[in-house]
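The lines below spell out each chain.
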Amino acid sequence: MRILFMGTPDIAAESLRALLDAGHEVCAVFTRRDKPVGRKQILTAPPVKQLAQQHGIPVYQPRTLRDGSSDELIRSLAPDVIVVVAYGCILPPQLLHVARYGCINLHVSLLPKYRGSAPVQWAVLNGDTQTGVSIIQLDEGLDTGDVLLVEPVDIDPEETSGQLFDRVSAVGAKTLVTALEKLQAGQLTPTPQREDLATQAPPLDKEMAQFTFAQDAAHIHNWVRGMNPWPVAWFLQDGKRIKVLECRLAENPQHAAPGTVLALKPLTVAAAGGAVQLLTVTPEGGKPMPGTAWAAGRRLKAGDSL
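In this text the structure is predicted, and so the values were computed from the model without any measurement. Starting afresh in each chain, residues are numbered from 1 along the sequence in its written order. The model is predicted, so local features are restricted to residues of pLDDT at least 70 and side-chain atom pairs to those at 80 or more, both for listing and for counting; the totals for chains, interfaces and linings are taken over all residues. With hydrogens and water set aside, each side-chain value is computed from the structure's full complement of heavy atoms.

**Q** Is there a simple way to explain the nonpolar core in this structure?
**A** If you look at soluble globular proteins, the nonpolar side chains tend to sit buried side by side. Ranked by internal contacts, the top residues of the largest apolar core, which has 72 residues, are F5, V83 and L278. Tallying contributions element by element places helix α5 (residues 161-184) first for this core, with eight residues. With near-sequence residues (within four places) excluded, L278 lies in contact with F213, F235, V244, E246, C247, L267, V269 and G291. The term nonpolar core refers to a set of buried residues drawn from Ala, Val, Leu, Ile, Met, Phe, Trp, Tyr and Cys, joined through side-chain atoms within 4.5 Å. Throughout this description, buried means an accessible area under 20% of the type-specific maximum (1.4 Å probe, protein chains only), exposed means over 50%, and partly exposed covers the range between. In DSSP terms, a helix is any run of H or I states spanning at least four residues, a strand is any run of E spanning at least two, and both are numbered starting from the N terminus. In what follows, residue pairs with any heavy atoms lying within 4.5 Å of each other are defined as contacts.

**Q** What am I meant to see in the UniProt feature "binding site: (6S)-5,6,7,8-tetrahydrofolate" (unreviewed entry) in the protein chain here?
**A** UniProt positions are given in the numbering used here, feature names are shortened, and annotations may be inferred rather than shown by experiment. Taken from the UniProt record, the annotation "binding site: (6S)-5,6,7,8-tetrahydrofolate" (unreviewed entry) applies to S109, L110, L111 and P112. Summarising the element assignment, L110 is placed in the loop between β7 (103-107) and α4 (119-125). If we ignore the near neighbours within four places in the chain, the residues touching L110 are Q130, T131, G132, V133, S134, V150, E151 and P152. Mapped onto the secondary structure, L111 falls in the loop between β7 and α4. Assessed through its relative accessible area of 9%, L111 is described here as buried. The contacts of L111, once residues within four sequence positions are left out, are S134, I136, D143, V147 and Q193.

**Q** I tried to follow the packing of helix α1 (residues 10-21) against α5 on my own but got confused; where do I start?
**A** The relative placement of two packed helices is expressed as an angle between their axes plus a distance between the axes. Helix axes use the C-alpha atoms of the stretch in contact, all axes being lines fitted to C-alpha atoms, and the angles between their N-to-C directions lie in the range 0 to 180 degrees. Running from amino to carboxyl end, α1 crosses α5 at an angle of 35°, the nearest separation of the two axes being 9 Å. In this structure, the crossing between α1 and α5 has a hand that is right-handed. In this structure, α1 contributes I11, E14, S15, A18 and L19 to the contact, and α5 contributes F165, S169, A170, A173, L176, V177 and L180. Here the term charged refers only to Asp, Glu, Lys and Arg, the term nonpolar to Ala, Val, Leu, Ile, Met, Phe, Trp, Tyr, Cys and Pro, and the term polar to all other amino acids, Gly among them. Residues belonging to the contact of α1 with α5 are distributed by class as follows: nine nonpolar, two polar and one charged. What makes a crossing left-handed is the near helix being turned counterclockwise from the far one by less than a right angle; a clockwise turn instead makes it right-handed.

**Q** Even after reading the chapter, I still don't get the sheet that holds strand β5 (residues 59-60), so can you show me in this structure?
**A** Sheets are built from strands that pair by backbone hydrogen bonding, the pairs being arranged parallel or antiparallel. Each pair of strands is called paired provided DSSP finds at least two bridges between the two strands. Read from one edge to the other, the open sheet built from seven strands follows the order β5-β2-β1-β6-β7-β8-β9, with strand pairing classed as mixed. Strand pairing shows two members of the sheet lacking a second neighbour, β5 and β9 (147-154), which therefore form its edges. Summarising the sheet, strand β2 (residues 25-30) and β5 pair through two bridges and their orientation is parallel. By the bridge assignment, V29 is partnered in β5 with V59. Strands β1 (2-7), β6 (81-85), β7, β8 (130-137) and β9 of the sheet are contacted by α5, whose axis makes an angle of about 150° with β9.

Laid out in structure tokens, this is it:
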């Protein structure tokens, strides 16, 4: 198929690579503008642009599509379908039906669950045991279009959102290729989403990453997994933020008060309904280290309170 591809980050680049490997003709790529990256703020092209340039595909980076300035160009490209994967710009109504097969979108959740920008993270934060990918027909809403194809993905109980995202991205790329084959063959049946089952997946921020040991141990465990790699879960100790990169659930047989240090090797802290082992932490202004090493540096002992 002749595809106009719209996407920006790594997950979009993985999908674009899968489409190229499957032999599709990508006539052009639309992506967001280059941005300064790193401490030196070096202007860097998004992953999709880098991949497109490697394959000699024309790249366009309009600030917005809403003003209609790209409409004539998109029509002139005459794509069979417009594929959208984490583009970062909203497609206006006049572009939804330019292509023969319209616009299809890859979303990394089992829609209508987790509409929005952080579906993988919220699946982990909420302790879900399964997520997946959905290929939908874009409409004027946010992730509200008819579902064309879904592929479930199980979530490992120790998996971080970053690890899960990598797996889901790979599944999504393969599912996208399959969806295009079925779309061209007329083998897909659009299924409207049930609005009564819709939930949201809003973006994360550093403040919501905080937890306390008064919260349920399972909640803390999910929070640490879901906030990794960004913004990273943290708790306050003596006015300082202590980030937790990795933890495990543990037991609290003595029913010690939340925040009580139960053991040092590994550093185990009581929480509501159990306890958590703080395996890897990052003290404010410091570098990642084993929780046991951090506890030793602070001369903590069993019975102390965090």
